[in-house]
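Spelled out from the first residue to the last, the chains are:
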Amino acid sequence: MGFVIKLLLTGAAAMLASYILPGVSIDSFLTALILALVLAVLNAIVRPVLVFLTIPVTILTLGLFLLVINAVIILMADWLIAGFDVAGFIWALLFSLVLAVITAILDMIF
């Protein structure tokens, strides 16, 4: 039950973030829910591999390279989902930051 609630909260956060950022568009709430599910799968499978492969760069940048990995995962989701469009890398980076902040706030509330 907790996973379903987390997906719903992440979908709502993605919709809110797409309203805030003009370079990101999500067609419907169903697309936002699919985005939340795809992001969960990508974060579970792809992110650990990318983090492992970029350990030296992450250490050199004191962890800031993890933001780049988050943006790359957002761009992968953009490539996989038809109703989700990101205008470029900078918008993906901003979307990941805004999504993280909104999700953290919603997690504190619920």
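Per chain, residue numbering runs from 1 following the sequence as it is written. Per-residue local features are limited, in this predicted model, to residues with pLDDT of at least 70; the limit for side-chain atom pairs, both in listing and counting, is 80 or more; totals at the level of whole chains, interfaces and linings are taken over all residues. As a convention, hydrogens and water are excluded, and side-chain values are obtained from all of the structure's heavy atoms.

**Q** Just to check I follow, could you spell out helix H1 (residues 2–20) for this structure?
**A** Residue pairs spaced three or four apart in an α-helix point in one direction, given the helix's 3.6 residues per turn. Put simply, DSSP H or I for four residues or longer makes a helix, DSSP E for two residues or longer makes a strand, and each gets a number counted from the N terminus. Every helix has an expected span of 1.5 Å times one less than the residues it contains. If you check H1, its first and last C-alpha atoms are 27 Å apart, about what 19 residues at 1.5 Å a residue would give, namely 27 Å. When accessible area is computed with a 1.4 Å probe and restricted to protein chains, residues below 20% of their type maximum are described as buried, those above 50% as exposed, and intermediate ones as partly exposed. Of all the residues in H1, the buried ones are Leu 7, Leu 9, Thr 10, Gly 11, Ala 13, Ala 14, Met 15, Ala 17 and Ser 18. Tucked inside the fold, the buried residues of H1 contact strand S1 (24–26), helix H2 (29–53) and helix H5 (89–109). Whether two residues are in contact is decided by their heavy atoms, any of which lying within 4.5 Å being enough.

**Q** Would you take a moment to explain the environment of Leu 64 for this structure?
**A** With respect to the element layout, Leu 64 can be found in the loop between helix H3 (55–60) and helix H4 (65–80). Assessed through its relative accessible area of 57%, Leu 64 is described here as exposed. Taking C-alpha positions, Leu 64 is 14 Å from Leu 94, a pair spaced 30 residues apart along the chain.

**Q** Please clarify how the environment of Ala 17 should be interpreted in this entry.
**A** When you line up the elements, Ala 17 lands in helix H1. Its relative accessible area of 0% is what places Ala 17 among the buried residues. Excluding residues that lie within four positions of it along the chain, Ala 17 makes contacts with Phe 95, Val 98 and Ile 102.

**Q** What's the story with the nonpolar core in this structure? I'm lost.
**A** In a soluble, globular protein the nonpolar side chains are often hidden away together inside. Each nonpolar core is a collection of buried residues, namely Ala, Val, Leu, Ile, Met, Phe, Trp, Tyr and Cys, held together in the definition by side-chain atoms within 4.5 Å. Among the nonpolar cores identified, the biggest contains 27 residues, and Ile 26, Leu 35, Leu 39, Ile 74, Ala 77, Phe 84 and Phe 95 are the most heavily contacted of them. At the level of elements, H1, S1, H2, H4, strand S2 (84–86) and H5 are the ones that each hand at least two residues to this core. At six residues, the largest contribution of residues to this core is made by H5. Beyond its immediate chain neighbours, meaning those up to four positions away, Ile 74 contacts Leu 39, Phe 84, Val 86, Ala 92, Phe 95 and Ser 96.

**Q** Any chance you could explain the UniProt feature "transmembrane region" (unreviewed entry) in the chain here in plain terms?
**A** UniProt positions are given in the numbering used here, feature names are shortened, and annotations may be inferred rather than shown by experiment. Those residues carrying the UniProt feature "transmembrane region" (unreviewed entry) are residues 32–55, 62–82 and 88–109 in this numbering. Measuring from the first to the last C-alpha atom of residues 32–55 gives 31 Å, for a span that is 96% helix and 0% strand. Taken as a whole, residues 62–82 contains 76% helix and 0% strand, while its terminal C-alpha atoms sit 35 Å from one another.

**Q** Which parts of the structure should I look at to understand the pattern of salt bridges?
**A** If charged atoms from side chains of opposite charge come close, those side chains can pair. By convention in these notes, a salt bridge is any Lys or Arg side-chain nitrogen within 4 Å of a carboxyl oxygen on Asp or Glu. Under the criterion given, the structure shown has one salt bridge. Residue Lys 6 is joined to Asp 107 by a salt bridge in which the shortest nitrogen-to-oxygen separation is 2.9 Å. One end of the pair, Lys 6, is in helix H1; the other, Asp 107, is in helix H5, and 101 residues separate them in sequence. By relative accessible area, which is 36% here, Lys 6 ends up partly exposed.

**Q** It is not clear to me how the environment of Ile 20 should be interpreted in this structure. Could you clarify?
**A** One can find Ile 20 in helix H1. Spatially, the C-alpha atom of Ile 20 lies 8.7 Å from that of Val 98, the residues being 78 residues apart in sequence. For Ile 20, the contacting residues outside a window of four places in its chain are Val 98 and Ile 102.

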